[in-house]
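Given next are the chains, with one letter for each unit.
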Amino acid sequence: MIALQTLQPEPQPRQIERGRRATRRRVRRARRRGCVAFFRIGAIAALVALPLMLYVMLTANVTSLNYKLARVQAEKTALLAETMRQDDRIAKLESRERLAVVAARLKMRDPAIYAIAVLPAAPRVAAQPHGVALLGAINQWLSAAAGDVTR
C-alpha cells in the first residue's frame, strides 16, 4: 500500500513576497559586487597609468622644446652671418673712395663758394581745443556753465 504523503502547506503570500525581495536583493548585490570590483581595478590601473602618461607627456614636451630651441639658434646664427655680410656691403658702398669715383664719373666737383641758407622760423601752431569736434559750441557752453572761464 502506498502511504499517503503529507502535503506541505502552501506558503503564505507574505512569505512568497519576502522570498522574492530577498532574491532580488541578492541578485542586485552580486551585480553591484561585480561592477565595484571592475571599477576598483580600473581606478588602480588609472592611478598607475596616469603618472606614467604624465611623465611621458612632459618628456615629449621638453624634447620638442629642445628641437625648437636648436632650430631657432641655427636661424639666429644664419641671420647674424647675413647681417654681418650686409653691414660689410653697406660699408663698402658708403666708402669715401667709392663715392669719389662715382662723383668723378658724374663729373661732379667741390663747390668754389659755399652758400649758407637761413631758413625762416616755423610758424607756431595754436593749441587745438579739447572736446568733441562736432559739438564745439555746446562744449564751450558747458565749460562756461561749469565755471571754466579760461575759454
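Placed above this text is the structure.
Cut-off values and rules
- Residues numbered from 1 in each chain as written.
- Predicted model: local features only at pLDDT ≥ 70, side-chain atom pairs only at ≥ 80, totals over all residues.
- Heavy atoms only, no water.
- Helix = DSSP H or I, 4+ residues; strand = E, 2+ residues; numbered from the N terminus.
- Buried < 20%, exposed > 50% of the residue type's maximum accessible area, 1.4 Å probe, protein only.
- Areas by Shrake-Rupley, 256 points an atom, 1.4 Å probe, with all protein chains shown as cover.
- Expected span 1.5 Å × (residues − 1).
- Bend = angle between axes of the 7 residues up to and from the residue.
- Patch = residues over 30% accessible without salt bridge, like charges linked within 9 Å, V, L, I, M, F, W, Y side chains within 5 Å.
- Salt bridge = Lys/Arg side-chain N within 4 Å of Asp/Glu carboxyl O.
- Lys, Arg positive; Asp, Glu negative; His and termini not counted.
- Charge placed at Lys NZ, Arg CZ, Asp CG, Glu CD.
- Axes fitted to C-alpha atoms, helices over the stretch in contact; angles between N-to-C directions.
- Parallel < 35°, antiparallel > 145°, perpendicular 65-115°, else oblique.
- Contact = heavy atoms within 4.5 Å.
- Nonpolar A, V, L, I, M, F, W, Y, C, P; charged D, E, K, R; others polar.

1. Here we look at the overall build of the protein chain
Piece 1. Helix and strand counts for the protein chain stand at 3 helices and 0 strands.
Piece 2. Sequence-ordered secondary structure for the protein chain, helices as α and strands as β, is α-α-α.
Piece 3. Looking at the 151 residues of the protein chain, the share that counts as buried comes to 1%.
Piece 4. Within the structure as shown, the protein chain displays about 15600 Å² of accessible surface, and the carbon and sulfur contribution to it stands at 65%.

2. A word on helix 2 (residues 96–105)
Piece 1. Little of helix 2 sits out of view: just 0 of its 10 residues are buried.
Piece 2. One or two steps after helix 2, the chain reaches Lys 107, where phi turns positive at roughly 60°.

3. Concerning helix 1 (residues 13–94)
Piece 1. The first and last C-alpha atoms of helix 1 sit 115 Å apart over 82 residues, in line with the 122 Å expected at 1.5 Å per residue.
Piece 2. By the largest-angle criterion, Ala 49 marks the main kink of helix 1, which is about 25°, and a proline, Pro 51, follows within four residues.

4. Topic: a positive patch on the surface
Piece 1. A cluster of basic residues, Arg 14, Arg 18, Arg 20, Arg 21, Arg 24, Arg 25, Arg 26, Arg 28, Arg 29, Arg 31, Arg 32 and Arg 33, forms a positive patch at the surface.
Piece 2. Relative to the assigned elements, Arg 24 resides in helix 1.
Piece 3. Look at Arg 24 and you get partly exposed, because its relative accessible area is 44%.

5. Examining the pattern of salt bridges
Piece 1. If you walk through the whole model with that rule in mind, you get 1 salt bridge.
Piece 2. With its nearest N and O atoms 2.5 Å apart, the salt bridge here joins Glu 82 to Arg 85. With Glu 82 and Arg 85 both in helix 1 and 3 residues apart, the pair spans about one turn of that helix.

6. Here's the deal with the packing of helix 1 against helix 2
Piece 1. Direction vectors running N to C along helix 1 and helix 2 enclose 45°, while the axes themselves pass 5 Å from each other. Between helix 1 and helix 2, the interaxial angle falls into the category oblique. Contact with helix 1, carried on its side by Lys 92, Leu 93 and Glu 94, involves Arg 96, Arg 98 and Leu 99 of helix 2 and no other residues of that element.
Piece 2. Its residues assigned to classes, the contact of helix 1 with helix 2 comprises 2 nonpolar, no polar and 4 charged.

7. Comments concerning unusual backbone geometry
Piece 1. In this model, Lys 107 sits at a positive phi of 60°, which is unusual for a non-glycine residue.
Piece 2. Counting through the fold element by element, Lys 107 comes out in the loop between helix 2 and helix 3 (136–145).

8. Section: a nonpolar patch on the surface
Piece 1. Together, Ile 44, Val 48 and Leu 52 line one region of the surface with nonpolar side chains, adding up to about 300 Å² of accessible area.
Piece 2. Tracing the chain through its elements places Val 48 in helix 1.

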